Amino acid sequence: MEILRTVEQLRSAVARAKAEGLSIGLVPTMGALHKGHLSLVEKARDENDVVVVSVFVNPTQFNNPDDLRTYPRTEEADCALLRAAGVDYAFIPSVEEIYPEPDTRVFDLGPVAEVMEGAMRPGHFNGVAQIVSKLFAWAEPTRAYFGRKDIQQIAVIRRMAELEGFKGTIVPCPILREDDGLAMSSRNTRLTPEQRAIAPAIHHALTAAVEACASGGSVQQVHDATVEAVNAVPGLEVEYFAIVHPETMQPVQAWDEAPEGAIGCITVYCGDVRLIDNISFPALS
Ligand code: PAF
(Lines give C-alpha, C1' and ligand atoms only; values in the text may rest on other atoms or scores of the structure.)
Protein backbone atom coordinates (compact mmCIF):
# COMPACT_ATOMS: atom_id res chain seq x y z
CA MET A 1 0.00 0.00 0.00
CA GLU A 2 1.25 3.43 -0.90
CA ILE A 3 0.51 6.40 1.36
CA LEU A 4 -0.27 9.55 -0.62
CA ARG A 5 0.03 12.88 1.18
CA THR A 6 -0.60 15.32 -1.64
CA VAL A 7 -3.31 15.93 -4.20
CA GLU A 8 -0.62 15.76 -6.88
CA GLN A 9 0.37 12.25 -5.75
CA LEU A 10 -3.29 11.18 -5.76
CA ARG A 11 -3.90 12.63 -9.22
CA SER A 12 -0.83 10.86 -10.67
CA ALA A 13 -1.80 7.50 -9.13
CA VAL A 14 -5.30 7.90 -10.58
CA ALA A 15 -3.95 8.96 -13.99
CA ARG A 16 -1.72 5.84 -14.12
CA ALA A 17 -4.66 3.57 -13.25
CA LYS A 18 -6.96 5.26 -15.78
CA ALA A 19 -4.31 5.00 -18.51
CA GLU A 20 -4.38 1.24 -17.98
CA GLY A 21 -8.17 1.21 -18.15
CA LEU A 22 -8.51 0.17 -14.49
CA SER A 23 -11.59 0.83 -12.37
CA ILE A 24 -11.19 2.80 -9.16
CA GLY A 25 -13.09 2.24 -5.92
CA LEU A 26 -12.99 5.14 -3.44
CA VAL A 27 -13.81 4.81 0.25
CA PRO A 28 -13.86 8.25 1.90
CA THR A 29 -13.30 8.06 5.68
CA MET A 30 -12.29 10.23 8.61
CA GLY A 31 -10.09 7.45 10.01
CA ALA A 32 -10.43 5.77 13.42
CA LEU A 33 -11.29 2.78 11.29
CA HIS A 34 -13.42 -0.10 12.53
CA LYS A 35 -15.03 -3.17 11.00
CA GLY A 36 -17.79 -1.04 9.49
CA HIS A 37 -15.25 0.88 7.39
CA LEU A 38 -13.46 -2.36 6.56
CA SER A 39 -16.67 -3.83 5.16
CA LEU A 40 -16.79 -0.86 2.73
CA VAL A 41 -13.15 -1.45 1.82
CA GLU A 42 -13.82 -5.14 1.26
CA LYS A 43 -16.70 -4.36 -1.09
CA ALA A 44 -14.56 -1.81 -2.94
CA ARG A 45 -11.79 -4.43 -3.18
CA ASP A 46 -14.25 -6.98 -4.65
CA GLU A 47 -15.68 -4.60 -7.22
CA ASN A 48 -12.70 -2.57 -8.47
CA ASP A 49 -9.17 -2.96 -9.81
CA VAL A 50 -7.71 -0.22 -7.66
CA VAL A 51 -8.85 0.81 -4.17
CA VAL A 52 -8.23 4.26 -2.74
CA VAL A 53 -9.16 5.01 0.88
CA SER A 54 -9.02 8.62 2.07
CA VAL A 55 -8.38 9.31 5.75
CA PHE A 56 -9.09 12.94 6.54
CA VAL A 57 -10.86 14.56 9.49
CA ASN A 58 -12.59 17.26 7.48
CA PRO A 59 -12.82 20.45 9.57
CA THR A 60 -15.45 22.13 7.37
CA GLN A 61 -18.10 19.57 8.32
CA PHE A 62 -17.73 20.06 12.09
CA ASN A 63 -20.01 22.74 13.45
CA ASN A 64 -18.83 21.99 16.99
CA PRO A 65 -15.14 22.75 17.68
CA ASP A 66 -15.06 20.30 20.63
CA ASP A 67 -16.30 17.49 18.40
CA LEU A 68 -13.51 18.27 15.91
CA ARG A 69 -10.91 18.45 18.68
CA THR A 70 -11.94 15.18 20.32
CA TYR A 71 -12.53 13.23 17.10
CA PRO A 72 -10.31 10.12 17.39
CA ARG A 73 -7.15 10.16 15.25
CA THR A 74 -5.37 6.81 14.90
CA GLU A 75 -3.32 7.00 11.72
CA GLU A 76 -0.87 4.21 12.47
CA ALA A 77 -3.55 1.68 13.37
CA ASP A 78 -5.63 2.80 10.38
CA CYS A 79 -2.73 2.19 7.98
CA ALA A 80 -2.13 -1.28 9.41
CA LEU A 81 -5.80 -2.18 8.88
CA LEU A 82 -5.85 -0.77 5.36
CA ARG A 83 -2.66 -2.58 4.42
CA ALA A 84 -4.10 -5.87 5.70
CA ALA A 85 -7.30 -5.21 3.72
CA GLY A 86 -5.35 -5.01 0.46
CA VAL A 87 -5.84 -1.30 -0.20
CA ASP A 88 -3.67 0.13 -2.99
CA TYR A 89 -3.56 3.78 -1.93
CA ALA A 90 -4.25 5.51 1.39
CA PHE A 91 -4.74 9.24 0.78
CA ILE A 92 -3.87 10.96 4.08
CA PRO A 93 -3.48 14.68 3.43
CA SER A 94 -3.04 17.61 5.81
CA VAL A 95 -5.74 20.26 6.23
CA GLU A 96 -3.49 22.75 4.34
CA GLU A 97 -3.22 20.33 1.43
CA ILE A 98 -6.99 20.07 1.07
CA TYR A 99 -7.81 23.68 1.87
CA PRO A 100 -4.86 25.85 0.78
CA GLU A 101 -7.45 28.60 0.94
CA PRO A 102 -10.90 28.56 2.55
CA ASP A 103 -13.53 26.71 0.53
CA THR A 104 -16.32 29.24 0.10
CA ARG A 105 -18.50 27.07 -2.11
CA VAL A 106 -22.11 26.82 -1.01
CA PHE A 107 -23.92 23.84 -2.52
CA ASP A 108 -27.61 24.03 -3.34
CA LEU A 109 -28.36 20.78 -1.53
CA GLY A 110 -32.10 21.37 -1.26
CA PRO A 111 -34.61 19.80 1.15
CA VAL A 112 -32.63 16.56 1.79
CA ALA A 113 -30.06 18.63 3.64
CA GLU A 114 -32.50 20.78 5.62
CA VAL A 115 -34.00 18.22 8.00
CA MET A 116 -32.52 16.07 10.81
CA GLU A 117 -28.70 16.37 10.78
CA GLY A 118 -29.03 19.41 8.51
CA ALA A 119 -31.26 21.15 11.04
CA MET A 120 -29.18 20.12 14.07
CA ARG A 121 -25.73 20.76 12.58
CA PRO A 122 -25.84 23.91 10.45
CA GLY A 123 -23.19 23.85 7.73
CA HIS A 124 -22.37 20.18 8.30
CA PHE A 125 -23.66 18.90 4.98
CA ASN A 126 -22.16 21.77 3.02
CA GLY A 127 -18.81 20.75 4.52
CA VAL A 128 -19.40 17.12 3.56
CA ALA A 129 -20.29 18.23 0.01
CA GLN A 130 -17.09 20.32 -0.14
CA ILE A 131 -14.75 17.49 0.81
CA VAL A 132 -16.52 14.73 -1.11
CA SER A 133 -16.71 16.85 -4.29
CA LYS A 134 -12.95 17.43 -4.05
CA LEU A 135 -12.29 13.72 -3.51
CA PHE A 136 -14.53 12.81 -6.46
CA ALA A 137 -12.75 15.34 -8.69
CA TRP A 138 -9.27 14.11 -7.74
CA ALA A 139 -9.85 10.35 -7.43
CA GLU A 140 -12.36 10.11 -10.32
CA PRO A 141 -13.79 6.95 -8.77
CA THR A 142 -15.72 4.44 -10.83
CA ARG A 143 -17.55 3.65 -7.58
CA ALA A 144 -17.62 5.41 -4.21
CA TYR A 145 -18.68 3.62 -1.02
CA PHE A 146 -20.61 5.08 1.92
CA GLY A 147 -22.11 3.46 5.02
CA ARG A 148 -25.87 3.52 5.52
CA LYS A 149 -25.44 4.49 9.16
CA ASP A 150 -25.19 8.04 7.79
CA ILE A 151 -28.17 7.52 5.52
CA GLN A 152 -28.99 11.21 5.14
CA GLN A 153 -25.38 11.86 4.17
CA ILE A 154 -25.82 9.42 1.26
CA ALA A 155 -28.90 11.34 0.06
CA VAL A 156 -26.95 14.60 0.31
CA ILE A 157 -23.96 13.16 -1.56
CA ARG A 158 -26.28 11.93 -4.31
CA ARG A 159 -27.63 15.47 -4.64
CA MET A 160 -24.10 16.97 -4.69
CA ALA A 161 -23.05 14.36 -7.29
CA GLU A 162 -25.99 15.33 -9.48
CA LEU A 163 -25.12 19.03 -9.19
CA GLU A 164 -21.48 18.34 -10.07
CA GLY A 165 -22.22 15.88 -12.89
CA PHE A 166 -20.35 13.03 -11.14
CA LYS A 167 -20.22 10.04 -13.49
CA GLY A 168 -19.37 7.27 -11.00
CA THR A 169 -21.72 5.10 -8.97
CA ILE A 170 -22.51 5.80 -5.33
CA VAL A 171 -22.69 2.50 -3.47
CA PRO A 172 -24.55 2.48 -0.12
CA CYS A 173 -23.31 -0.25 2.25
CA PRO A 174 -25.13 -1.94 5.16
CA ILE A 175 -24.71 -0.82 8.78
CA LEU A 176 -22.38 -3.10 10.72
CA ARG A 177 -23.34 -3.77 14.33
CA GLU A 178 -21.65 -5.08 17.44
CA ASP A 179 -23.06 -8.38 18.75
CA ASP A 180 -25.40 -6.49 21.07
CA GLY A 181 -26.80 -4.37 18.23
CA LEU A 182 -24.89 -1.10 18.72
CA ALA A 183 -24.07 0.40 15.31
CA MET A 184 -20.32 0.51 14.77
CA SER A 185 -18.99 4.05 14.92
CA SER A 186 -15.66 5.74 15.55
CA ARG A 187 -17.41 7.67 18.30
CA ASN A 188 -18.12 4.45 20.26
CA THR A 189 -14.51 4.55 21.50
CA ARG A 190 -15.46 7.64 23.52
CA LEU A 191 -18.13 5.79 25.54
CA THR A 192 -17.33 4.87 29.13
CA PRO A 193 -17.98 1.19 30.03
CA GLU A 194 -21.27 2.26 31.68
CA GLN A 195 -22.35 4.20 28.59
CA ARG A 196 -21.27 1.37 26.31
CA ALA A 197 -23.52 -0.96 28.31
CA ILE A 198 -26.67 1.14 27.78
CA ALA A 199 -26.03 2.28 24.17
CA PRO A 200 -27.49 -0.90 22.55
CA ALA A 201 -30.91 0.22 23.84
CA ILE A 202 -30.97 2.54 20.80
CA HIS A 203 -30.98 -0.34 18.32
CA HIS A 204 -33.41 -2.31 20.50
CA ALA A 205 -35.85 0.60 20.39
CA LEU A 206 -35.51 0.76 16.59
CA THR A 207 -36.22 -2.95 16.15
CA ALA A 208 -39.21 -2.56 18.49
CA ALA A 209 -40.37 0.31 16.24
CA VAL A 210 -40.36 -2.00 13.21
CA GLU A 211 -42.35 -4.59 15.18
CA ALA A 212 -44.83 -1.93 16.29
CA CYS A 213 -45.27 -0.86 12.67
CA ALA A 214 -45.86 -4.50 11.63
CA SER A 215 -48.53 -4.83 14.31
CA GLY A 216 -50.43 -1.86 12.96
CA GLY A 217 -49.07 1.13 14.90
CA SER A 218 -49.42 4.51 13.21
CA VAL A 219 -46.37 6.61 12.36
CA GLN A 220 -47.14 8.91 15.29
CA GLN A 221 -47.61 6.02 17.75
CA VAL A 222 -44.41 4.30 16.63
CA HIS A 223 -42.53 7.60 16.82
CA ASP A 224 -43.70 8.43 20.33
CA ALA A 225 -43.15 4.91 21.70
CA THR A 226 -39.58 4.84 20.34
CA VAL A 227 -38.64 8.19 21.84
CA GLU A 228 -40.19 7.14 25.15
CA ALA A 229 -38.34 3.79 25.19
CA VAL A 230 -34.94 5.40 24.64
CA ASN A 231 -35.52 8.26 27.05
CA ALA A 232 -36.62 5.75 29.70
CA VAL A 233 -33.02 4.51 29.87
CA PRO A 234 -31.14 6.69 32.38
CA GLY A 235 -28.14 8.17 30.56
CA LEU A 236 -29.73 8.27 27.11
CA GLU A 237 -31.47 11.30 25.66
CA VAL A 238 -33.06 11.41 22.22
CA GLU A 239 -32.17 14.48 20.19
CA TYR A 240 -34.52 13.55 17.37
CA PHE A 241 -36.29 10.56 15.95
CA ALA A 242 -37.78 11.04 12.49
CA ILE A 243 -39.61 8.57 10.27
CA VAL A 244 -38.74 9.69 6.76
CA HIS A 245 -39.06 8.90 3.08
CA PRO A 246 -35.99 6.90 1.98
CA GLU A 247 -35.06 9.26 -0.86
CA THR A 248 -36.36 12.72 0.03
CA MET A 249 -35.53 12.35 3.76
CA GLN A 250 -38.75 14.24 4.52
CA PRO A 251 -40.84 13.08 7.50
CA VAL A 252 -43.89 11.02 6.59
CA GLN A 253 -47.21 11.20 8.45
CA ALA A 254 -48.47 7.82 7.22
CA TRP A 255 -46.75 4.62 6.12
CA ASP A 256 -48.24 4.79 2.62
CA GLU A 257 -46.29 7.99 1.96
CA ALA A 258 -43.23 5.73 1.67
CA PRO A 259 -44.55 2.51 0.10
CA GLU A 260 -40.99 1.30 -0.60
CA GLY A 261 -40.31 1.44 3.15
CA ALA A 262 -39.73 4.44 5.39
CA ILE A 263 -36.54 4.91 7.40
CA GLY A 264 -36.48 5.66 11.12
CA CYS A 265 -33.52 7.93 11.86
CA ILE A 266 -32.47 8.56 15.43
CA THR A 267 -29.86 10.64 17.20
CA VAL A 268 -29.22 10.06 20.88
CA TYR A 269 -26.92 11.67 23.39
CA CYS A 270 -25.18 9.14 25.60
CA GLY A 271 -23.48 11.55 28.00
CA ASP A 272 -21.74 13.96 25.65
CA VAL A 273 -21.32 11.36 22.90
CA ARG A 274 -23.77 11.83 20.05
CA LEU A 275 -24.76 8.50 18.55
CA ILE A 276 -26.72 8.08 15.35
CA ASP A 277 -28.51 5.07 13.93
CA ASN A 278 -31.38 4.18 11.63
CA ILE A 279 -33.58 1.30 10.57
CA SER A 280 -35.63 0.50 7.47
CA PHE A 281 -39.31 -0.18 7.85
CA PRO A 282 -40.59 -2.90 5.51
CA ALA A 283 -42.05 -1.97 2.14
CA LEU A 284 -45.84 -2.00 1.99
CA SER A 285 -47.15 -5.04 0.19
O1 PAF B 1 -18.86 9.74 6.78
C2 PAF B 1 -17.75 10.26 6.97
O3 PAF B 1 -16.86 9.69 7.60
C4 PAF B 1 -17.47 11.64 6.40
O5 PAF B 1 -18.59 12.44 6.47
C6 PAF B 1 -16.89 11.61 4.97
C7 PAF B 1 -17.90 11.05 3.98
C8 PAF B 1 -15.63 10.80 4.95
C9 PAF B 1 -16.57 13.04 4.51
O10 PAF B 1 -15.62 13.63 5.35
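Note that the structure is a prediction, hence the values are computed from the model and not measured.

K.L.:
Looking at this structure, how should I read the site of the ligand?
P.N.:
As a structural note, the neighbourhood of the ligand is formed by P28, T29, M30, N58, Q61, I131, F146 and Q153. Q61 has a polar side-chain atom sitting 2.6 Å from an oxygen atom of the ligand. Between the ligand and Q153, the relevant distance is 2.7 Å, taken from an oxygen atom to a side-chain nitrogen or oxygen of the residue. Considering the ligand on its own, with 290 Å² of exposed area, one finds that the protein chains cover 89% of that surface. Taken together, the residues that form the shell around the ligand break down as four nonpolar, four polar and no charged.

K.L.:
What exactly am I supposed to notice about the pairing of strand 2 (residues 24-29) here?
P.N.:
Two faces make up the sheet, and in a regular strand the side chains alternate between them. Taking burial as the measure, the six residues of strand 2 include six buried ones, the bulk of the element. Alternating positions in strand 2 separate into two faces, I24, L26 and P28 on one and G25, V27 and T29 on the other, with burial throughout. Summarising the sheet, strand 2 and strand 3 (residues 50-55) pair through six bridges and their orientation is parallel. Looking at the pairing, T29 lines up with V55 of strand 3.

K.L.:
Explain the packing of helix 10 (residues 201-214) against helix 11 (residues 219-231) here, please?
P.N.:
Each pair of packed helices gets described by two things: the angle between the helix axes and the distance between those axes. Across the interface, helix 10 lies against helix 11 with an axial gap of 9 Å and an inter-helix angle of 155°. Between helix 10 and helix 11, the interaxial angle falls into the category roughly antiparallel. As for the relative orientation of helix 10 and helix 11, their crossing is right-handed in sense. When helix 10 is examined against helix 11, the residues A205, L206, A209, A212 and C213 are found in contact with a partner set consisting of V222, T226, A229 and V230. Looking at side-chain class alone, the contact of helix 10 with helix 11 contains eight nonpolar, one polar and no charged residues.

K.L.:
Hey, could you run me through the pattern of salt bridges in this one?
P.N.:
A pair can form between side chains of opposite charge whenever their charged atoms are brought close. Under the criterion given, the structure shown has 15 salt bridges. In this structure, K43 and E47 form a salt bridge, with 2.9 Å as the shortest nitrogen-oxygen distance. Of the two residues, K43 and E47 are both situated in helix 2 (residues 35-47); the distance of four residues between them amounts to about one turn of the helix. For E47, a relative accessible area of 30% puts it in the partly exposed group. Bridged by salt links that share partners, the residues D67, E117, R121, R187, E239 and R274 form one connected network.

K.L.:
What's the story with the packing of helix 1 (residues 7-19) against helix 7 (residues 124-139) in this structure? I'm lost.
P.N.:
At a minimum axis separation of 8 Å, helix 1 and helix 7 run at an interaxial angle of 45°. Judged by the angle between their axes, helix 1 and helix 7 are oblique. Only A137, W138 and A139 of helix 7 make contact with helix 1, whose side of the interface consists of V7, L10, R11 and V14. In the contact of helix 1 with helix 7, the residues fall into six nonpolar, no polar and one charged.

K.L.:
Got a minute to help me understand the environment of E194 in this structure?
P.N.:
Among the secondary structure elements, E194 is positioned in helix 9 (residues 193-198). The exposed category is assigned to E194, whose relative accessible area is 57%. Note: C-alpha distance between E194 and A155 (39 residues apart in sequence) is 34 Å.

How each quantity is defined
Residues numbered from 1 in each chain as written. Predicted model: local features only at pLDDT ≥ 70, side-chain atom pairs only at ≥ 80, totals over all residues. Heavy atoms only, no water. Near = heavy atom within 4 Å. Polar contact = N/O pair within 3.5 Å; in protein donor to acceptor, adjacent residues only side chain to side chain. Areas by Shrake-Rupley, 256 points an atom, 1.4 Å probe, with all protein chains shown as cover. Nonpolar A, V, L, I, M, F, W, Y, C, P; charged D, E, K, R; others polar. Buried < 20%, exposed > 50% of the residue type's maximum accessible area, 1.4 Å probe, protein only. Helix = DSSP H or I, 4+ residues; strand = E, 2+ residues; numbered from the N terminus. Pairing = 2+ DSSP bridges. Axes fitted to C-alpha atoms, helices over the stretch in contact; angles between N-to-C directions. Parallel < 35°, antiparallel > 145°, perpendicular 65-115°, else oblique. Left-handed = near helix turned anticlockwise from the far one by under 90°. Contact = heavy atoms within 4.5 Å. Salt bridge = Lys/Arg side-chain N within 4 Å of Asp/Glu carboxyl O.

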